[in-house]
Amino acid sequence: LGGNMAIKIKLFANFREGRGKVVEMDYSPGMTGHDVIDALGITAPEIAAIIVDGVDGKVDEMLVVPIKEDGYMAIFPPVAGG
């Protein structure tokens with residue numbers, strides 16, 4: 001086995017503050033979006049849209065989809081400021 005697998009998380013707008021545009025995270029089998037957002041300190045209600053390995057859907061459904069090794073997620077906050 002090679003080195004640790006990592007997933008890439010692309011963050012947008014205010015999610016980048018203090019985190020950067022792209023975060024790499026060690027991959028572990030069975031990992032889901034919930035694991036990722038917990039590690040980043042983001043809560044599900046803050047998320048307007050999420051893409052997992054190129055597939056988008058309802059946020060609550062996408063957060064339970066297992067992420068592939070070498071996979072990626074994109075996390076978007078609501079567009080409007082408040």
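Residues numbered from 1 in each chain as written. Predicted model: local features only at pLDDT ≥ 70, side-chain atom pairs only at ≥ 80, totals over all residues. Heavy atoms only, no water.

Visitor: Mind showing me how you'd approach helix α1 (residues 33–40) here?
Guide: Since the α-helix packs 3.6 residues into each turn, any two residues three or four apart lie on the same face. For α1, the set of buried residues is G33, V36, I37 and L40. Down the axis of α1, the sector holding all buried residues measures 90 degrees, keeping them to one side. Facing away from the buried side of α1 by over 90 degrees, the exposed positions are D38 and A39. G41 sits one or two residues past α1 and shows a positive phi near 75 degrees. (Buried < 20%, exposed > 50% of the residue type's maximum accessible area, 1.4 Å probe, protein only. Helix = DSSP H or I, 4+ residues; strand = E, 2+ residues; numbered from the N terminus. Arc of directions from axis to C-beta.)

Visitor: Would you mind showing me how to read the packing of aromatic side chains here?
Guide: Aromatic rings considered in pairs are described by the distance between their centres and by the relative angle of their planes. Enumeration over the complete set of coordinates arrives at 1 aromatic pair. Directly above the ring of Y72 sits K10, whose terminal nitrogen or CZ lies 5.3 Å from the centroid. (Phe/Tyr/Trp six-rings, centres within 6.5 Å; stacked < 30°, edge-to-face > 60°. Lys NZ or Arg CZ within 6 Å of the ring centre and 35° of its normal.)

Visitor: Hey, could you run me through unusual backbone geometry in this one?
Guide: Comment: phi is negative for the bulk of residues other than glycine, and the bulk of peptide bonds are trans. Phi is positive for D53, which is not a glycine, with a value near 50 degrees. Considering the arrangement of structural elements, one finds D53 in the loop between β3 (49–52) and β4 (55–57). Located in the positive-phi region is D70, a residue other than glycine, with phi close to 65 degrees. On the secondary structure map, D70 appears in the loop between α2 (59–62) and β5 (72–76). Residue D70 is classed as exposed on the basis of its relative accessible area, which comes to 57%.

Visitor: Looking at this structure, I do not really get the nonpolar core. What am I missing?
Guide: It is characteristic of soluble globular proteins that their nonpolar side chains tend to be buried jointly. Ranked by size, the top nonpolar core spans 21 residues in total, and within it I9, V36, L40, I50 and I75 carry the most contacts. Elements with a contribution of two residues or more to this core: β1 (6–11), β2 (22–26), α1, β3, α2 and β5. (Core = buried A, V, L, I, M, F, W, Y, C linked by side-chain atoms within 4.5 Å.)

Visitor: How should the pattern of salt bridges be read in this particular structure?
Guide: Across all of its chains, the model carries 1 salt bridge by this definition. The shortest N-O distance in the salt bridge between E24 and K8 comes to 3.2 Å. Of this pair, E24 sits in strand β2 while K8 sits in strand β1, and the two are 16 residues apart along the sequence. A relative accessible area of 51% means that E24 is categorised as exposed. Looking at K8, the relative accessible area reads 39%, which means it is partly exposed. (Salt bridge = Lys/Arg side-chain N within 4 Å of Asp/Glu carboxyl O.)

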